[in-house]
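Residue strings, one per chain:
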Amino acid sequence: MVDSHFTVEVLISNKLQARDPEGEVILSDLIHKGGYDNVTEVRTGKLLMMEVEAQDEVHAKDLVFKMCNELRLYNPVAHAMRIEVREER
């Protein structure tokens with residue numbers, strides 16, 4: 001079977017119980033100082049966009065999940081990770 005190309009997004013964010021110093025600075029030093037007091041919280045994260053060759057969406061997602069864990073692209077103690085297959089090319 002010929003593999004297809006998939007665009008896969010990996011969103012890595014701080015878990016809710018973990019502090020987010022970068023988000024706190026963005027909120028206080030940029031957003032609130034800019035007059036947007038109705039914004040009450042900012043959480044930061046990383047977005048990785050990957051082009052993956054796989055048999056199907058399930059295999060693409062499984063491959064990226066395995067890679068993220070084996071290569072320690074995130075810390076499961078402090079971070080949450082969400083993987084989404086966006087499109088097949």
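Summary of the structure given here. If you're wondering where the values come from, they're calculated on a predicted model, not measured in any experiment.

1. Looking at the pattern of salt bridges
1) Next: Taken as a whole and judged by the stated rule, the model has seven salt bridges.
2) Next: Between Lys 33 and Asp 29 there is a salt bridge whose closest N-O contact spans 3.8 Å.
3) Next: Judged by its relative accessible area of 65%, Lys 33 falls in the exposed class.
4) Next: With a closest N to O distance of 4.0 Å, Arg 43 and Glu 41 form a salt bridge.
5) Next: Overlapping salt bridges, with partners in common, bring together Glu 9, Arg 82, Glu 84 and Arg 86 in one network.

2. Considerations on the pairing of strand β1 (residues 4-14)
1) Next: With eight of its eleven residues buried, β1 lies for the most part within the structure.
2) Next: Across ten bridges, the pairing between β1 and strand β2 (residues 45-54) is antiparallel. Bridging from a neighbouring strand, Ser 13 pairs with Gly 45 of β2.
3) Next: Here β1 runs beside strand β3 (residues 79-88); their pairing, made up of nine bridges, is antiparallel. Bridge pairing links Val 8 to Val 85 in β3.

3. Description of the nonpolar core
1) Next: If you look at the biggest cluster of nonpolar residues, it comprises 13 residues, and the most contacted ones within it are Phe 6, Val 8, Val 10, Val 52, Ala 60 and Val 64.
2) Next: The biggest single contributor to this core is β1, with four residues.
3) Next: When neighbours within four sequence positions are excluded, Val 64 is seen to be in contact with Val 8, Val 10, Met 50, Val 52 and Ile 83.

4. Considerations on the sheet that holds β2
1) Next: A sheet is described by the order of its strands in space; here three strands give the open sequence β2-β1-β3, paired in antiparallel fashion. With partners counted over all chains shown, the strands left at the sheet margins are β2 and β3, one partner each. Across the sheet, the mean angle separating the axes of adjacent strands is 20° when strand polarity is ignored.
2) Next: Along the sheet, helix α2 (residues 57-70) contacts β1, β2 and β3; its crossing angle with β2, the most-contacted strand, is approximately 130°.

5. Here we look at unusual backbone geometry
1) Next: Notably, Arg 72 is not glycine yet its phi reads approximately 55°, a positive angle.
2) Next: Along the polypeptide, Arg 72 turns up in the loop between α2 and β3.

Calculation rules
- Residues numbered from 1 in each chain as written.
- Predicted model: local features only at pLDDT ≥ 70, side-chain atom pairs only at ≥ 80, totals over all residues.
- Heavy atoms only, no water.
- Salt bridge = Lys/Arg side-chain N within 4 Å of Asp/Glu carboxyl O.
- Buried < 20%, exposed > 50% of the residue type's maximum accessible area, 1.4 Å probe, protein only.
- Helix = DSSP H or I, 4+ residues; strand = E, 2+ residues; numbered from the N terminus.
- Pairing = 2+ DSSP bridges.
- Core = buried A, V, L, I, M, F, W, Y, C linked by side-chain atoms within 4.5 Å.
- Contact = heavy atoms within 4.5 Å.
- Axes fitted to C-alpha atoms, helices over the stretch in contact; angles between N-to-C directions.

Distances and angles like these do not, on their own, reveal function.
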